[in-house]
Amino acid sequence: MPKVSGLAEAGETCPSRRRQRGPAFVRVGLLTVGWLVVAVLGLVALLRLVAWDSAEPLIVLDALTLVVYLPAWVVTAGALIARRWWLAAAAALIVAAQLAFVAPEPLAAAPVPAWARHAPAIRVFDANVDQSLRFEAGYLRAIEQDRPDLVTLEEFTPPALQAMVASGVLTSFPYRCAAPADGATGFLIASRLRLTGCRVQTVFSDGSWTPYMVQATLWSPGGPVALRLVHTLAPFPVSWREWSAALAAVGRSVRASGDSRMLMVGDFNATWDNSGFAALLHDGLTDGAAARGEAADMTWPNGAVVPPFVRIDHVLTGPGLAVTDITARPGFGSDHRYLVATVAIRT
């Protein structure tokens, strides 16, 4: 009988040891994953500092700064709960880096300038209408309802122009810079106010010329406005060099103009966390959404399943203009939300 009892006791210890080994294995696995997350995101943050947007993967990661570092928050919380202090400190450092990267955008919020409250203003309607799908009638209805003074469209195709002409919506906009194109490089500027000097700007990269901007002079009630409609190609592996060259050319255009009444709108395929876009702000342009406290009003994607999580469509102004209100609204058959903004002109 004692021998039987001894066997029973010995048999009971095996499952207990297995249960102990199981949780230990899980803890080691989670710790390894936590350090791996910290190492990868730490490298991303370091490359942001020393090689900002210098390669295609970095461009995308930088544009997604608001979301790409979120795993570090999870690791920080988990490490604190598990009392893994070194891991918690390392993950918290990544969190601090993210906050430092994204802070300038929300901190740019400011009251509407006093002069803008009584200045003449124009209403702007800007949309990337998506060349891959047919032009949706929803944009026609939205334009009629919003009654903008200025309509700017990107990825504007010949069928889209035909649809707008047939609808009659363009009769209210007698001044136009129309540069439709098959693919993603077409543009339209339609205005109730006089337009002059329309020119499509192209950038040469990888053996071809790519349109990236239309420039014109808009004769507003407050005086002439240097208008720029921008659409840089998305920074995919096949087009990131064009993207970089186009943003650099946009910056040169701003510096060469020196016009305080600069209005720059469109799909930049860039955020505050991309070097080329940050350079535009450094050159004196103001991001209308950020200035009005709407930095979190994202414009892409426009799907019903995945909520918008990045803001790549912008209305930028020189010091002689100010966005007084701006909102992003659901697009029609496009992967972008569209923008409606009121812009005051300093006289």
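Summary of the structure given here. Not measured: the values here are computed from a predicted model.

**Notes on the sheet that holds strand 5 (residues 195-205)**
For step 1, the next point in the chain: Read from one edge to the other, the open sheet built from 6 strands follows the order 5-6-7-8-10-9, with strand pairing classed as mixed. Edge positions in the sheet fall to strand 5 and strand 9 (286-287), since each has one partner strand and no second.
For step 2, the next point in the chain: As defined by bridge partners, strand 7 (residues 223-231) adjoins strand 8 (residues 262-267) across 6 bridges and the pair is classed as parallel. Within the sheet, the bridge partner assigned to Leu227 lies in strand 8 and is Leu263.
For step 3, the next point in the chain: In the packing of helix 9 (residues 240-257) onto the sheet, contacts are made with strand 5, strand 6 (208-220), strand 7 and strand 8, and the angle to strand 6 comes to roughly 30 degrees.
For step 4, the next point in the chain: Helix 10 (residues 275-282) contacts strand 8, strand 9 and strand 10 (313-317) of the sheet and is inclined by roughly 25 degrees relative to strand 10.

**Focus on the nonpolar core**
For step 1, the next point in the chain: Counting residues in hydrophobic clusters, the biggest one holds 26 residues, and the most contacted among them are Ile122, Ile189, Leu263, Val315 and Val343.
For step 2, the next point in the chain: Where this core is concerned, the elements lending two or more residues are strand 1 (121-128), strand 4 (187-191), strand 6, strand 7, strand 8, strand 11 (321-329) and strand 12 (338-345).
For step 3, the next point in the chain: The contact partners of Leu263, leaving out residues within four places of it in the chain, are Ile122, Val124, Leu150, Val225, Ala226, Leu227, Arg228, Val315, Leu316, Thr317, Leu321 and Val343.

**Quick look at the environment of Trp73**
For step 1, the next point in the chain: With respect to the helices, strands and loops of the structure, Trp73 is situated in helix 4 (residues 70-82).
For step 2, the next point in the chain: Linking Trp73 and Glu154, residues 81 residues apart in sequence, is a C-alpha distance of 37 Å.
For step 3, the next point in the chain: Among all residues touching Trp73, those that are not within four sequence positions of it are Val95, Gln98 and Leu99.

Definitions and limits used
- Residues numbered from 1 in each chain as written.
- Predicted model: local features only at pLDDT ≥ 70, side-chain atom pairs only at ≥ 80, totals over all residues.
- Heavy atoms only, no water.
- Pairing = 2+ DSSP bridges.
- Helix = DSSP H or I, 4+ residues; strand = E, 2+ residues; numbered from the N terminus.
- Contact = heavy atoms within 4.5 Å.
- Axes fitted to C-alpha atoms, helices over the stretch in contact; angles between N-to-C directions.
- Core = buried A, V, L, I, M, F, W, Y, C linked by side-chain atoms within 4.5 Å.
- Buried < 20%, exposed > 50% of the residue type's maximum accessible area, 1.4 Å probe, protein only.

Structural measurements only, silent on function.
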